[in-house]
Amino acid sequence: MTTMKTTTLKTLAYQRRDVDKGYTNQYLDVDLSAGTISVGTVEEKIKKTFIGGKGFDLWLLWDAVKGENKWDDPRNAVCISSGPMGGTPAYPGSGKSIVTSISPLTGSVIDSNVGGYFGPYLKFSGFDALRITGKAQGDTVVVIDGIEEKIEILQIPGLPEDAYALSDVLTDHFSQGKKVGISVISAGPGAANTRIGCLNFSWYDNARKRVRYKQAGRGGIGTVFADKGIRAVVARWEQVSLKTNNPADLEALKAVARCHSREIVELDPKQNEMARLGTVHLVPIMNDFDLLPTHNFQYGSHPGASLIGREAFEKLFDPGYDGCWKGCTVACAHGVKDFVPYTGKYKGKKVFVDGPEYETIAGCGSNLGIFDPFTILEINFYCDAYGLDTISVGTGIAFVMECFERGLINTNHTGGMDLSFGNRVNALELVHQMAAGKGFGAIAGQGIRRMKGIFADQFGADPAMLQDIGMESKGLEFSEYMTKESLAQQGGYGLALKGPQHDEAWLIFLDMVHNFMPTFEQKAEALHWFPMFRTWFGLCGLCKLPWNDIVPEDNKDTLEPAKVMKHVNWYADYYTAVTGNPATPEDLITMSEAVYNFQRIFNLKMGYGTRDHDTLPYRAVGPVTVEEYESRQDRYDTELKEKYSIDITGKDTAWKVAALRKRREAQYETLKDAVYERRGWTADGIPTVATVKRLGIDFPEVMAVLAKNGVK
Amino acid sequence: MITVGDQELPWQEGLTVATLLARLKDGHIYAVVKLDGRLVSRPHFNITPVPDGARVTLIPMIAGG
Ligand code: SF4
């Protein structure tokens with residue numbers, strides 16, 4: 001056991017409440033400013049309305065913050081919850097935690113879905129959710145010990161700076177010899193010095209005898225965590241079985257878990273090979289379909305893509321079981337062992353890299369013009385160790401590189417660094433600078449929205465160009481898919497509640513490749529059903545990958561193959577078996593609708609959440625520049641001629657860029673209208689009174705927010 | 001002979017992924033196939049030969065994200 005000088009600031013001894021049908025019906029409240037720990041009750045009405053996971057988080061966060069509060073206000077909370085099925089070991093993908101907070105990037109609600117053992121251990125220790133408010137003096141560690149029935153706020157000076165070393169030390173210290181019983185949440189120095197900090201959630205990999213990590217990456221929740229002066233939250237628990245959630249119908253749970261688990265074991269090797277390769281198989285596929293973001297989303301493919309895809313990482317990944325929760329047969333959380341960085345604090349030392357996943361490869365690889373798997377691994381490693389979100393890092397540096405190549409910024413601004421696309425050494429240097437809050441990294445770490453302001457106001461760059469090529473919406477950096485040729489995915493990003501992250505809707509293939517939704521109404525229907533169903537995973541403590549990354553062999557013969565209805569039915573059975581509340585597939589959608597609309601109104605409460613905030617940079621909608629247009633000239637010429645009946649004879653490319661832009665921007669506005677109507681919102685994108693009443697979220701405070709925004 | 005999923009089909013000279021899929025009832029819905037363990041996407045179907053004895057798996061590419 002690692003020895004440390006520990007001062008106990010507060011202790012709460014409690015009697016653990018066993019889980020009943022997936023719930024403990026209580027939450028843990030830690031106020032760091034007051035130094036208090038208390039236990040609150042989750043009442044029946046709240047449970048019914050918000051289900052769990054993100055729903056519980058939002059309810060606790062709404063209660064904590066006022067509309068005028070900023071992200072660094074002590075009232076802002078970091079809320080963490082799994083969900084009623086969270087912690088079930090036999091059903092694939094059942095160990096997720098959902099984290100919410102007010103984001104330093106968007107100023108509004110952010111949520112992030114993450115693996116690792118924390119959420120289940122928190123629940124089994126007696127709490128459906130955890131809310132942390134206030135600010136500590138620093139060096140604070142919160143320990144939730146479900147075995148000894150004790151919560152502590154500790155002060156531990158001298159802890160290691162980076163998230164890897166920190167989690168190692170804390171796992172060792174608190175495990176009492178059973179490391180698998182510890183999960184640690186931590187940020188890192190990068191989280192403190194940027195707005196794009198992530199949280200690392202750990203689990204102990206018993207086979208490899210090492211602490212492993214997954215990240216709650218999006219929206220700077222790690223930055224909020226660091227700002228609170230907190231270094232880590234530790235959960236301790238041990239025994240987990242199918243009975244730990246005390247399901248309503250154990251036999252039904254076993255039956256449905258067996259079906260899904262077996263199907264994955266049988267079909268995954270024939271399909272995407274998630275258990276062997278994870279999401280890296282997407283790299284060559286996206287490249288082939290011209291959808292892999294390269295050079296800041298200008299282009300969708302590159303000859304170098306084969307160097308950073310499936311074939312590279314199948315050689316690099318360390319073979320073995322890689323489930324980020326016990327018993328997940330998808331087991332896609334791969335890593336690379338004995339990697340030796342050539343920069344930074346770990347230069348020359350062997351490290352284990354958790355990842356990379358597709359998003360990191362595309363964001364920190366192709367989008368930067370970097371087609372070298374080792375540089376991607378090194379950026380991945382340091383982002384995790386520093387507590388930085390690899391997506392915001394990748395998309396942010398891509399923006400910087402394009403600005404540099406277009407002369408919008410130059411070496412006078414970058415501290416002498418050449419930040420052209422493909423400059424691997426300087427991309428890494430920028431990551432180190434971001435983490436340290438030094439040099440040009442101090443600016444880049446603020447995220448694209450703030451960089452745009454600084455580049456225009458202080459460096460004299462053209463604000464219109466910055467707006468067109470800065471790939472952020474609502475203040476959040478885009479995740480790594482090209483949306484130019486898929487109107488539905490433009491909606492998937494632009495209309496997502498928290499900003500452009502694909503976890504709400506991933507419709508590119510259905511829309512662009514399969515053309516399953518040619519009309520606005522069909523797109524709007526998809527932009528209703530898919531975000532709602534995907535939201536549901538986050539209410540229940542589940543991972544969405546087992547739903548549609550492996551599909552039944554007869555799925556193509558079903559009426560709606562994209563929905564994988566056989567699995568949706570299993571999920572309804574799963575929910576019923578655990579909670580005892582009978583549910584149909586339609587009920588799952590209604591559950592999500594309530595939480596989804598509540599989140600939209602939460603945005604409104606924070607001063608956002610209307611049509612104006614659902615905008616996209618034009619780079620996400622169509623070609624900004626002549627070169628981009630010419631790279632897909634046939635497609636765009638045909639669209640102008642055939643779809644819009646425009647005579648382009650004798651017109652130059654700049655004229656065609658402008659003509660196409662006018663049409664595509666109008667199209668996106670029409671899509672917004674169709675989606676708002678389908679969701680039961682006003683033309684300004686606000687849920688109507690009838691919608692909130694139908695969903696049972698017509699709480700007085702909700703109605704007051706609507707009324708304040710003219711919806712009565 | 002070639003194997004497509006669990007099915008054995010006759011091989012013919014000049015067979016490509018595109019012509020193979022055209023012979024199948026639902027061939028048009030696939031955007032990606034696995035040919036002897038290698039992924040092939042639709043833009044390459046026309047130019048990718050299927051050798052005699054190949055194993056082809058049809059990938060239902062609705063995942064991702
Ligand atoms: S599918 Fe992958 S990410 Fe999801 S729970 Fe399983 S191992 Fe974790």
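Predicted, not measured: the structure shown is a model, and the values here were computed from it. (Residues numbered from 1 in each chain as written. Chains lettered and ligands numbered in written order. Predicted model: local features only at pLDDT ≥ 70, side-chain atom pairs only at ≥ 80, totals over all residues. Heavy atoms only, no water.)

As for the nonpolar core
Move 1: In terms of nonpolar packing, the biggest core is built from 226 residues, with Phe440(A) and Phe455(A) touching the most fellow members.
Move 2: Of the residues forming this core, the biggest block, eleven residues, is contributed by helix H20 (residues 520-540) of chain A.
Move 3: Apart from the residues lying within four places of it in its own chain, the contact partners of Phe455(A) are Phe399(A), Val400(A), Cys403(A), Ile409(A), Phe440(A), Ile443(A), Gly460(A), Ala461(A) and Leu466(A).
Move 4: One finds Leu9(B), Val17(B), Leu21(B) and Leu35(B) within the second-largest nonpolar core, a separate group that totals 15 residues. (Core = buried A, V, L, I, M, F, W, Y, C linked by side-chain atoms within 4.5 Å. Buried < 20%, exposed > 50% of the residue type's maximum accessible area, 1.4 Å probe, protein only. Helix = DSSP H or I, 4+ residues; strand = E, 2+ residues; numbered from the N terminus. Contact = heavy atoms within 4.5 Å.)

Some thoughts on the sheet that holds strand E1 (residues 2-4) of chain B
Residues and elements named next belong to chain B.
Move 1: Sheet architecture is open: five strands sit in the order E2-E1-E5-E3-E4, paired in mixed fashion. The open sheet has two edge strands with one neighbour each: strand E2 (7-9) and strand E4 (38-41). This sheet shows a mean twist of 30° between the axes of neighbouring strands, independent of strand direction.
Move 2: Here four bridges tie strand E3 (residues 32-35) to E4, and the two strands are oriented antiparallel to one another. Its bridge partner lying in E4, Val 33 is registered against Val 40. (Pairing = 2+ DSSP bridges. Axes fitted to C-alpha atoms, helices over the stretch in contact; angles between N-to-C directions.)

Here we look at the pattern of salt bridges
All names here are of chain A.
Move 1: Within the structure shown, the criterion is met by 58 salt bridges over all chains.
Move 2: The closest approach of N and O atoms between Lys 47 and Glu 44, which form a salt bridge, is 3.8 Å. Separated by three residues within a single helix, Lys 47 and Glu 44 lie in helix H1 (residues 44-50), roughly one turn from each other.
Move 3: A relative accessible area of 14% means that Lys 47 is categorised as buried.
Move 4: The salt bridge partner of Lys 498 is Asp 503, with a shortest N-O separation of 2.7 Å.
Move 5: The class for Asp 503 is partly exposed, based on a relative accessible area of 28%.
Move 6: Within the structure, one salt-bridge network assembled from shared partners comprises Asp 205, Arg 208, Arg 212, Asp 318, Asp 322, Lys 337 and Asp 354. (Salt bridge = Lys/Arg side-chain N within 4 Å of Asp/Glu carboxyl O.)

Notes on the interface of chain B and chain A
Move 1: Contact residues are listed per partner, giving 21 residues for chain B and 30 residues for chain A.
Move 2: Counting the surface lost from both chain B and chain A, the interface buries some 2,200 Å², and carbon and sulfur atoms represent 59% of this.
Move 3: On the surface where chain B and chain A come into contact, there are two salt bridges.
Move 4: Salt-bridge contacts for Lys556(A) lead to Asp26(B); the nearest nitrogen and oxygen are separated by 3.6 Å.
Move 5: Sorting the residues of the side of chain B that touches chain A by element identifies E3, E4 and strand E5 (55-59) of chain B as the ones contributing at least two each.
Move 6: Residues of the side of chain B that touches chain A, tallied by class, amount to eleven nonpolar, six polar and four charged. (Buried area = accessible area lost by both parts, 1.4 Å probe. Nonpolar A, V, L, I, M, F, W, Y, C, P; charged D, E, K, R; others polar.)

What about helix H4 (residues 163-174) of chain A?
Along an α-helix, residues three or four apart share an orientation, since each turn contains 3.6 residues.
Residues and elements named next belong to chain A.
Move 1: The end-to-end C-alpha distance of H4 is 16 Å, a good match for the 16 Å that twelve residues give at a rise of 1.5 Å each.
Move 2: Of all twelve residues in H4, nine are buried; the element is thus mostly enclosed.
Move 3: For H4, the set of buried residues is Ala 163, Tyr 164, Leu 166, Ser 167, Val 169, Leu 170, Thr 171, His 173 and Phe 174.
Move 4: The N-terminus of H4 is capped by Asp 162, whose side-chain oxygen sits 3.0 Å from the backbone nitrogen of Tyr 164.
Move 5: Directly after H4, the chain includes Gln 176, whose backbone phi takes a positive value near 50°. (Expected span 1.5 Å × (residues − 1). Polar contact = N/O pair within 3.5 Å; in protein donor to acceptor, adjacent residues only side chain to side chain.)

Describing the domain arrangement of chain A
Residues and elements named next belong to chain A.
Move 1: Here chain A is described as being made up of domain 1 (7-236), domain 2 (268-477) and domain 3 (622-679).
Move 2: Here domain 1 and domain 2 have C-alpha centroids that lie 26 Å from each other.
Move 3: Taken together, the contact between domain 1 and domain 2 spans 44 residues of the former and 42 residues of the latter.
Move 4: Looking only at domain 1, the three residues that lose the most surface to domain 2 are Tyr 164, Ile 196 and Arg 218, adding up to 21% of its buried area. (Domains from an automatic or database assignment.)

A word on the environment of Ala252(A)
Move 1: Topologically, Ala252(A) is positioned in helix H7 (residues 250-267).
Move 2: Sequence-wise, Ala252(A) and Asp573(A) are 321 residues apart; in three dimensions their C-alpha atoms are separated by 7.9 Å.

Remarks on the environment of Val32(B)
Move 1: The topology assignment puts Val32(B) in strand E3.
Move 2: Taking the C-alpha atoms as reference points, Val32(B) and Pro43(B), eleven residues apart in sequence, are found 9.3 Å from one another.

Brief notes about the pairing of strand E5 (residues 97-102) of chain A
All names here are of chain A.
Move 1: Most of E5 is tucked away, with six of its six residues classed as buried.
Move 2: Across the two faces of E5 the burial is the same, with Ser 97, Val 99 and Ser 101 and Ile 98, Thr 100 and Ile 102 all buried.
Move 3: Examined bridge by bridge, strand E4 (residues 78-81) and E5 share three bridges and lie antiparallel to one another. Directly across from Ser 81, in E5, lies its bridge partner Ile 98.
Move 4: When E5 meets strand E6 (residues 109-114), the two strands line up antiparallel, connected through six bridges. Directly across from Val 99, in E6, lies its bridge partner Ser 112.

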